[in-house]
Amino acid sequence: MQLHISPSLRHVTVLPGKGVREFIKVKIGSRRLSYRMVFYSLLFFTFLLRFVFVLTAVDTIDGETKCSTIGCLGKRLRPRILGRRHEPPVPEVMYQILDEPASKDEIQGRDDIPQTLEEFMAEVKDSRSDARAFAIKLRAMLTLLEQRTRTAKIQEYLYRHVASSSIPKQLHCLALRLAAEHSTNANARLQLPSAELVPYLVDNSFFHFVLASDNVLAASVVASSIIRNALRPHKIVLHIITDRKTYSPMQAWFSLNPLSPAIIEVKGLHHFDWFTKGRVPVLEAMEKDQQVRSQFRGGSSAIIANNTEKPYVIAAKLQALSPKYNSVMNHIRIHLPELFPSLNKVVFLDDDIVVQSDLTPLWDIDMEGKVNGAVETCRGDDKFVMSKRLKSYLNFSHPLIAENFDPNECAWAYGMNIFDLEAWRKTNISRTYHSWVEENLKSDLSLWQLGTLPPGLIAFHGHVRVIDPFWHMLGLGYQEKTSLADAESAGVIHFNGRAKPWLEIAFPKLRPLWAKYVDFSDKFIKSCHIRASS
């Protein structure tokens, strides 16, 4: 018998040995298994076995000898055959260990806890730890690093709090030297303004600015920047309000450094009849506020000793202790209608701002019957500074706040505000302000914690005219990420935050925007070693 196979492997012919042409022809369907397919399959599995041999050898070299050849094959091949890599599940014991907080005994007094990731990995590889030991060691290391990070953060906040709350020796020197000059030099105690200019102090055809400050250097920068950028400086009237202790240095500075043709008035609070006679709600509130804060907070030492609160909460509490929040200069703006009964409209400025444009167009803004022209702080490219809503300042877990206000309503900023005093006198804004301050003191500061803006947001609620952000750029004292180009193009820049431009903690990139308005050639500035760069 003879066997003939066609080249295509689709026909098989069997010939009998007797030579008879009877044959059997078998047809194999093209869709069924062919000999060619069998041949290529054998060839593929031959190479596959060689590949498995290489992987097994690599496992042995890497030290993974605990898995069998079949186990290693499954581990190495299965995810890749399926076209994706499946990570092995995390052992449940690791979740259990990491969920449990580390005890003090587990951390304190130990010197065998890894200090870095490299040390941790080296110890794990050397000890061949199981999942439980791995998790315990990892928890100890992370807890230790977390404690150190928290301590460092709190120390940073404390140092910044001390630096921003203290009076730099240079500023203290300047105030003392000017006070001495005021007592010995008649030219340092001139009447401001001179007698012939006094009528202009109540002339509503002039542009009236109000600045409340107990910082001579800061006030000089605000005044200089206003007048140097004004298109009509002869129409500018700047009313500077200060406290009793700063009045002499402030008067001495502006007597010796007149900013003609602008008109400068320097007045102490003790010069206002309204402020010295009768009951002054702001002073009573300040006294109570100081008592409540000292009892409620326990001072900076008690705040940083708290081991349970997050660093940013501690930072907020430290900020609440800042003297500026209990300064009469910070509260006085709520009494502008009483302080300036003859004026119709004023622009009120904080002493940590710099004016970079002519501000007289602010008087052309239609206030639409509103009292307070201000820039909103919930919209802008700077998501840190321009993301403030009422919930950022007020405690909406308190029912009194939750019932009266919308947490998502946009907030606005103090620092550069247009106040329509005529419209203000027709409202009960000042009474509303004081009643809410009183309520907050009764509730142990549970309505809000920081400063005069929260009661201002409440008192001026419904009385705010939103103005263009060009007129007030905020945040230069909070973060150095502020765009220098944006700051240079703004009408007014505000160094709100701890990093005031006259402090050593000021941001070097931004400080020159303020420093260019300081006369470093002045003899008092030079003698107190006040320099352009801190």
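Residues numbered from 1 in each chain as written. Predicted model: local features only at pLDDT ≥ 70, side-chain atom pairs only at ≥ 80, totals over all residues. Heavy atoms only, no water.

A. Here's a closer look at the overall build of the chain. Within the chain, the secondary structure is distributed over 22 helices and twelve strands. Counting across all 534 residues of the chain, residues that qualify as buried make up 44%. Taking the intrachain contacts of the chain between residues at least 6 apart in sequence as the baseline, contacts between residues at least 24 apart amount to 70%. Entry remark: accessible area of the chain is about 29500 Å², with carbon and sulfur atoms responsible for 55%. (Helix = DSSP H or I, 4+ residues; strand = E, 2+ residues; numbered from the N terminus. Buried < 20%, exposed > 50% of the residue type's maximum accessible area, 1.4 Å probe, protein only. Contact = heavy atoms within 4.5 Å. Areas by Shrake-Rupley, 256 points an atom, 1.4 Å probe, with all protein chains shown as cover.)

B. Looking closely at the packing of aromatic side chains. If you walk through the whole model with that rule in mind, you get twelve aromatic pairs. Ring centres of Tyr200 and Phe206 lie 4.8 Å apart, and the angle between their planes is 40°; on these two criteria the pair is classed as tilted. The buried category is assigned to Phe206, whose relative accessible area is 8%. A ring pair is formed by Trp412 and Phe460, whose centres lie 5.9 Å apart and whose planes are at 85°; its orientation type is edge-to-face. (Phe/Tyr/Trp six-rings, centres within 6.5 Å; stacked < 30°, edge-to-face > 60°.)

C. Geometry of the nonpolar core. Ranked by internal contacts, the top residues of the largest apolar core, which has 67 residues, are Phe209, Leu217, Ile226, Phe254, Leu362, Ile493 and Trp514. Among residues more than four places away in sequence, those in contact with Leu362 are Val347, Met416, Ile418 and Trp471. If you look at the next biggest cluster of nonpolar residues, it comprises 42 residues, including Val210, Val437, Leu445 and Ile458. (Core = buried A, V, L, I, M, F, W, Y, C linked by side-chain atoms within 4.5 Å.)

D. Layout of the state of the cysteines. With the rule as written, the count across this model stands at two disulfides. There is a disulfide in this structure between Cys173 and Cys528, and the S-S distance comes to 2.1 Å. Disulfide Cys173 to Cys528: torsion about the S-S bond roughly -75°, handedness left-handed. Within this pair, whereas Cys173 is found in helix H7 (residues 169-184), its partner Cys528 is found in the segment after helix H22 (523-527), the two being separated by 355 residues in sequence. Taken individually, Cys173 and Cys528 each receive the classification buried, so the pair is uniform in this respect. Here Cys378 pairs with Cys410 through a disulfide, and the sulfurs are 1.9 Å apart. Its S-S torsion of approximately -110° makes the covalent link between Cys378 and Cys410 left-handed. Here Cys378, found in the loop between strand E9 (372-374) and helix H16 (399-402), pairs with Cys410, found in the loop between H16 and strand E10 (416-420); they are 32 residues apart in sequence, far enough to count as distant. An identical accessibility class is assigned to Cys378 and Cys410; each is buried. (Disulfide = S-S within 2.5 Å.)

E. Structural context of the side chain of Asp358. Checked against the element boundaries, Asp358 lands in the loop between strand E8 (353-355) and E9. Buried and unpaired, Asp358 has Arg232 as its nearest opposite-charge partner, separated by 5.8 Å. Polar contacts involving the side chain of Asp358 include one to the main-chain amide nitrogen of Leu231, which spans 3.4 Å. Only 2.7 Å separates the side chain of Asp358 from the side chain of Thr360, close enough to count as a polar contact. (Lys, Arg positive; Asp, Glu negative; His and termini not counted. Salt bridge = Lys/Arg side-chain N within 4 Å of Asp/Glu carboxyl O. Polar contact = N/O pair within 3.5 Å; in protein donor to acceptor, adjacent residues only side chain to side chain.)

F. Spatial organisation of the pattern of salt bridges. Under the defined criterion, the tally for this structure stands at five salt bridges. The closest approach of N and O atoms between Lys245 and Asp243, which form a salt bridge, is 3.5 Å. Residue class for Lys245 comes out exposed when judged on its relative accessible area of 60%. When its relative accessible area of 15% is taken as the criterion, Asp243 is described as buried.

G. Molecular detail of the confidence of the model for the chain. The predicted model of the chain averages 81 in pLDDT, with 74% of residues at 70 or higher. Within the model, the stretch residues 19-31 combines pLDDT values under 50 with 22 contacts to residues more than four positions away or in other chains. (pLDDT = per-residue confidence, 0-100.)

H. Up close: the packing of H7 against helix H9 (residues 244-256). Running from N to C, H7 and H9 cross one another at 75°; their axes reach a closest spacing of 8 Å. Classed by the angle they form, the pair H7 and H9 counts as roughly perpendicular. Seen from H7, the contacting residues are Ala175, Leu178, Ala179, Glu181 and His182; seen from H9, they are Ser248, Pro249, Gln251, Ala252, Trp253 and Leu256. Residue classes in the contact of H7 with H9 are distributed as seven nonpolar, three polar and one charged. (Axes fitted to C-alpha atoms, helices over the stretch in contact; angles between N-to-C directions. Parallel < 35°, antiparallel > 145°, perpendicular 65-115°, else oblique. Nonpolar A, V, L, I, M, F, W, Y, C, P; charged D, E, K, R; others polar.)

I. Structural detail: the pairing of strand E6 (residues 263-268). Most of E6 is tucked away, with five of its six residues classed as buried. The pairing of strand E5 (residues 236-242) with E6 spans six bridges and is classified as parallel. Bridge assignment links Ile241 to a residue of E6, and that residue is Lys267. Of the crossover connections in this fold, the one passing from E5 over H9 to the parallel E6 is right-handed. (Pairing = 2+ DSSP bridges. Right-handed = clockwise from strand over helix to strand, strands pointing away.)

J. Quick look at the pairing of E10. For E10, a buried count of five out of five residues is recorded, marking the element as mostly surrounded by other parts of the structure. On E10, burial covers both faces: Met416, Ile418 and Asp420 on one face and Asn417 and Phe419 on the other are all buried. Bridging between strand E7 (residues 345-349) and E10 involves five bridges; their strand directions are antiparallel. Note that in E10 the partner of Val346 across the bridge is Phe419. Bridge analysis of E9 against E10 gives two bridges, and the strand direction is antiparallel. Residue pairing for E10: Gly373 is matched across the bridge by Ile418.

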